[in-house]
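# Structural features, examined
Residue strings, one per chain:
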Amino acid sequence: MKHTLRKRPEQRLQCLRCRAAWTDQASADRSTFPCPEKPLVHGFLGQREHIVYPTWAKDRSCATWGCPDPDPSHNWHGPDPYCDESPCPICLHDCDCDVCEGHVRAPGLYRLIDSREG
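Calculation rules
- Residues numbered from 1 in each chain as written.
- Predicted model: local features only at pLDDT ≥ 70, side-chain atom pairs only at ≥ 80, totals over all residues.
- Heavy atoms only, no water.
- Helix = DSSP H or I, 4+ residues; strand = E, 2+ residues; numbered from the N terminus.
- Buried < 20%, exposed > 50% of the residue type's maximum accessible area, 1.4 Å probe, protein only.
- Contact = heavy atoms within 4.5 Å.
- Areas by Shrake-Rupley, 256 points an atom, 1.4 Å probe, with all protein chains shown as cover.
- Core = buried A, V, L, I, M, F, W, Y, C linked by side-chain atoms within 4.5 Å.
- Pairing = 2+ DSSP bridges.

### So, the overall build of the protein chain
- A tally of helices and strands in the protein chain yields two helices and five strands.
- Secondary structure elements of the protein chain occur, N-terminal to C-terminal, as β-β-β-α-β-α-β.
- Counting only residues that meet the buried cut, the protein chain has 39% of its 118 residues in that class.
- At a minimum sequence separation of 6, the contacts of the protein chain that also span at least 24 residues come to 55%.
- Here the protein chain displays about 7,100 Å² of accessible surface, and carbon together with sulfur accounts for 51% of that area.

Here it is as structure tokens:
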């Protein structure tokens, strides 16, 4: 799928769907990574985070997550905040945008927070 780009205040181009970013149109045109049409974490492999918790409470307890088997050893639910170790498709993907390639510094794209509200 083709990326839908917009110009950010930082003057880089960013896909509205997957968050990939490029310095200019020529760089975006060279990209071979198709847009998966869902938000992804972009950046250097060792810096990516995917944090999942209910944003209204920032609470990962068994009660909040409706855990069917509450256990005192459960401190939180959801994936590891640093999930580069797992085969997470949100963090680990073959993106060749300028942020993932290291040409643009965009710390905000290293982190993705999903809300499980409602």
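Read on for the rest.
### A short note on the nonpolar core
- Counting residues in each nonpolar core, the largest one holds 17 residues, and the members touching the most others are Cys-18, Ala-20, Trp-22, Cys-95, Cys-97, Val-99 and Leu-109.
- Within the second largest apolar cluster, five residues are counted, among which are Val-41, Cys-88, Ile-90 and Cys-91.

### A word on the side chain of Arg-12
- Within the secondary structure, Arg-12 sits in the loop between strand S1 (5-7) and strand S2 (13-15).
- For Arg-12, a relative accessible area of 12% corresponds to the buried category.
- If we ignore the near neighbours within four places in the chain, the residues touching Arg-12 are Arg-6, Lys-7, Ala-21, Trp-22, Thr-23, Val-104, Arg-105 and Ala-106.

### What to know about the sheet that holds S1
- If you walk across this open sheet you meet the three strands as S1-S2-S3, and the pairing is antiparallel. Of all the strands in the sheet, the pair left with one neighbour each is S1 and strand S3 (21-22).
- With three bridges joining them, S1 and S2 adopt antiparallel strand pairing. Note that in S2 the partner of Leu-5 across the bridge is Cys-15.

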